Amino acid sequence: MIQKNVNSKKLKENINSLLKNYIYKNRNIECCPSCGGKKYIKHGSYKGIQRYKCKECKKTFSNTTNSLWSYSKKDINVWIKFVELMIQKKSLRFCAKKLKISITTAFYWRHKILHGLKLDSVPNKLEGNVHINKTIVIENFKGCRNILTTRRSNIWIVAAKGDEDSMLVMPTFRDCWNWKTFDEKIYSKIQKESYIVAYNDRYIGVKAKAHNKKIVKEVKKDDRVGYIMANIMEWFAPFKGIATKYLEEYLSFYILFYLDKIFNYIDIISYLSLGSRFIRIKEIGA
Ligand SMILES: [Zn+2]
């Protein structure tokens, strides 16, 4: 679940010092980001952030090097506001105008954030009662130039949720059900002792029957899985269509809105700041 507004004014006022203390200090530097050398020395500070100099390649870096915003010239506060607007599902045009950044910058930022969130959002395993459903969306070429075909494939999205507070919602097949892909991407995560709860789909029904052997349990339905189609449609509406090539990324963001844990933009920023969850602009492939 996403908490849209954080009312604590104090939190906003102290955001910079919070970030510096909490994020940067917790971020370990194991080696020089340029050459991988382990010998470095303190080398002054910039905007209150400690800098280091590598003794081997002589390059300087800081705790923020390779973080989400390290290649950005914009203030961290602009990034934070951007994440806040993203949680509110504001359009790129709206974000650009409000934060005085270009639409191109807004586009890249959104994809950097989505990519960072995608890295960990998929659960490694599904345990207990595992609810599974599917929905189909039509392929979307938004933003693509030179489309030579009028044909649109069906994209199958599978949603699976076990007892843990995480969920798997991913584009799984194109055009038709594929057992091999299903086993690789979904079934491999389902633990042996778990019980599959299938929702109105004959393929999932077949799998559930085989997996559950002869056991039939009364399990309370989970609306997050049961109403996956309606939920996705509603959640996607403000984006006015999502290009299929970015669908997986958007769905990893979508999941956060449907978990029990409450996230706010500070949590998301902190999360994205740990480790090297950045993606360089050239890898986004607009
Ligand atoms: Zn170095």
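Residues numbered from 1 in each chain as written. Predicted model: local features only at pLDDT ≥ 70, side-chain atom pairs only at ≥ 80, totals over all residues. Heavy atoms only, no water.

Colleague: Help me understand the overall build of the protein chain, please; the structure alone is not making it clear to me.
Modeller: Across its full length, the protein chain holds 12 helices and 7 strands. Across the 286 residues in the protein chain, those meeting the buried criterion constitute 46%. For the protein chain, contacts bridging at least 24 residues in sequence account for 62% of all contacts bridging at least 6. Roughly 16,300 Å² of accessible area belongs to the protein chain as shown, and the carbon and sulfur atoms make up 51% of that amount. (Helix = DSSP H or I, 4+ residues; strand = E, 2+ residues; numbered from the N terminus. Buried < 20%, exposed > 50% of the residue type's maximum accessible area, 1.4 Å probe, protein only. Contact = heavy atoms within 4.5 Å. Areas by Shrake-Rupley, 256 points an atom, 1.4 Å probe, with all protein chains shown as cover.)

Colleague: How should the sheet that holds strand E5 (residues 154-161) be read in this particular structure?
Modeller: By way of backbone hydrogen bonds, the strands of a sheet pair with one another, either parallel or antiparallel. Within the open sheet, the 4 strands sit side by side as E6-E5-E4-E7. Their pairing is mixed. With one partner strand each, in any of the chains shown, strand E6 (168-174) and strand E7 (195-198) form the two edges of the open sheet. Taken over all neighbouring pairs, the strand axes of this sheet differ in orientation by 30 degrees on average, direction set aside. Where strand E4 (residues 129-138) meets E5, 8 bridges bridge the pair, whose relative direction is antiparallel. Counted as the bridge partner of Asn133 is Ala159 from E5. (Pairing = 2+ DSSP bridges. Axes fitted to C-alpha atoms, helices over the stretch in contact; angles between N-to-C directions.)

Colleague: It is not clear to me how empty space enclosed by the protein should be interpreted in this structure. Could you clarify?
Modeller: Empty space left among the atoms is revealed by rolling a probe the size of a water molecule over them. One pass over the full model with this rule turns up 1 cavity of 30 Å³ or more. In this structure, the largest cavity encloses a volume near 50 Å³. If you trace the largest cavity, you find it lined by Lys118, Ser121, Val122, Val169, Met170, Glu248, Ser252 and Ile255. Mapped by element, the contributors of at least two residues to the lining of the largest cavity are helix H5 (103-121), E6 and helix H10 (247-256). Sorting elements by how many residues they give to the lining of the largest cavity places H10 first, with 3 residues. Classifying every residue of the lining of the largest cavity by side-chain character gives 4 nonpolar, 2 polar and 2 charged. (1 Å grid on protein atoms, 1.4 Å probe; cavity = no way out; pocket = protein on both sides within 12 Å on 5 of 7 lines; lining within 4 Å. Points joined across faces, edges and corners; volume = space filled by probe spheres on them. Nonpolar A, V, L, I, M, F, W, Y, C, P; charged D, E, K, R; others polar.)

Colleague: Before we go on, may I ask you to explain the coordination of the zinc ion in this structure?
Modeller: As a benchmark, a tetrahedral metal site with four donors has ideal angles of 109.5 degrees, while an octahedral site with six donors has ideal angles of 90 or 180 degrees. Surrounding the zinc ion are the protein donor atoms Cys32 (SG), Cys35 (SG), Cys54 (SG) and Cys57 (SG), at 2.3 Å. Around the zinc ion, the 4 donor atoms are arranged such that angles at the metal cover 103 to 114 degrees; this shape is classified as tetrahedral. All donors of the zinc ion belong to a single chain; written as a sequence motif, their spacing is C-x2-C-x18-C-x2-C. Here Cys32, found in the loop between helix H2 (15-26) and strand E1 (40-46), pairs with Cys54, found in strand E2 (residues 49-54); they are 22 residues apart in sequence, far enough to count as distant. For the pair formed by Cys32 and Cys54, the shared burial category is buried. (Donors = N, O, S within 2.8 Å, 3.2 Å for Na, K, Ca; no water. Tetrahedral: all angles 85-135°; square planar, octahedral: opposite > 155°, others 65-115°.)

Colleague: For this particular structure, what's the right way to read the pairing of E4?
Modeller: For E4 and E7, the ladder comprises 4 bridges, and the chain directions are parallel. When the sheet's bridge partners are listed, Val130 is paired in E7 with Ile196.

Colleague: What is the right way to read the packing of helix H3 (residues 76-87) against helix H4 (residues 92-99) from this model?
Modeller: When two helices pack together, you describe them by how their axes are tilted relative to each other and by the distance separating the axes. Viewed as axis vectors pointing N to C, H3 and H4 meet at an angle of 150 degrees, and their least axial separation amounts to 11 Å. What the angle tells us is that H3 and H4 run roughly antiparallel. As for the relative orientation of H3 and H4, their crossing is right-handed in sense. In this structure, H3 uses Val78, Lys81, Phe82 and Leu85 to contact H4, whose residues at the interface are Phe94, Cys95, Lys98 and Leu99. (Parallel < 35°, antiparallel > 145°, perpendicular 65-115°, else oblique. Left-handed = near helix turned anticlockwise from the far one by under 90°.)

Colleague: Looking at this model, I keep getting lost on the packing of helix H9 (residues 228-236) against H10. Mind explaining?
Modeller: One way to put it is that H9 packs onto H10 with a least axis distance of 12 Å and a crossing angle of 100 degrees. By the angle between their axes, H9 is roughly perpendicular relative to H10. For the pair H9 and H10, the contacting residues are Ile228, Asn231, Ile232, Trp235 and Phe236 in the first and Leu247, Tyr250, Leu251, Phe253 and Tyr254 in the second. Per-class residue counts for the contact of H9 with H10 are 9 nonpolar, 1 polar and no charged.

Colleague: Help me out: how do you make sense of the nonpolar core in this one?
Modeller: A general feature of soluble globular proteins is that nonpolar side chains tend to end up buried together. Ranked by internal contacts, the top residues of the largest apolar core, which has 49 residues, are Phe82, Val169, Trp235, Phe253 and Tyr254. Listing elements by their share of this core, those giving two or more residues are H3, H4, H5, E5, H9, H10 and helix H11 (265-273). When residues of this core are sorted by domain, at least three fall in each of domain 2 (71-121 + 265-278) and domain 3 (129-242). When neighbours within four sequence positions are excluded, Phe82 is seen to be in contact with Cys95, Leu99, Ile101, Ala106, Trp109, Arg110 and Ile113. (Core = buried A, V, L, I, M, F, W, Y, C linked by side-chain atoms within 4.5 Å. Domains from an automatic or database assignment.)

Colleague: Would you mind showing me how to read the environment of Cys95 here?
Modeller: Its place among the elements puts Cys95 in helix H4. Along the sequence, Cys95 and Ala106 sit 11 residues apart, while their C-alpha atoms lie 6.9 Å from each other. Excluding residues that lie within four positions of it along the chain, Cys95 makes contacts with Phe82, Leu85, Lys90, Lys100 and Ile101.

Colleague: Looking at this model, I keep getting lost on H3. Mind explaining?
Modeller: Think of an α-helix as 3.6 residues a turn; residues three or four steps apart then line up on the same face. Counted at 1.5 Å a residue, the expected span for H3 with its 12 residues is 16 Å, and the 17 Å between its end C-alpha atoms agrees. Buried residues dominate H3, accounting for 10 of its 12 residues. Burial in H3 covers these residues: Ile76, Val78, Trp79, Ile80, Phe82, Val83, Glu84, Leu85, Met86 and Ile87. Following H3 by one or two positions, Lys89 adopts a phi angle in the positive range, close to 55 degrees. (Expected span 1.5 Å × (residues − 1).)

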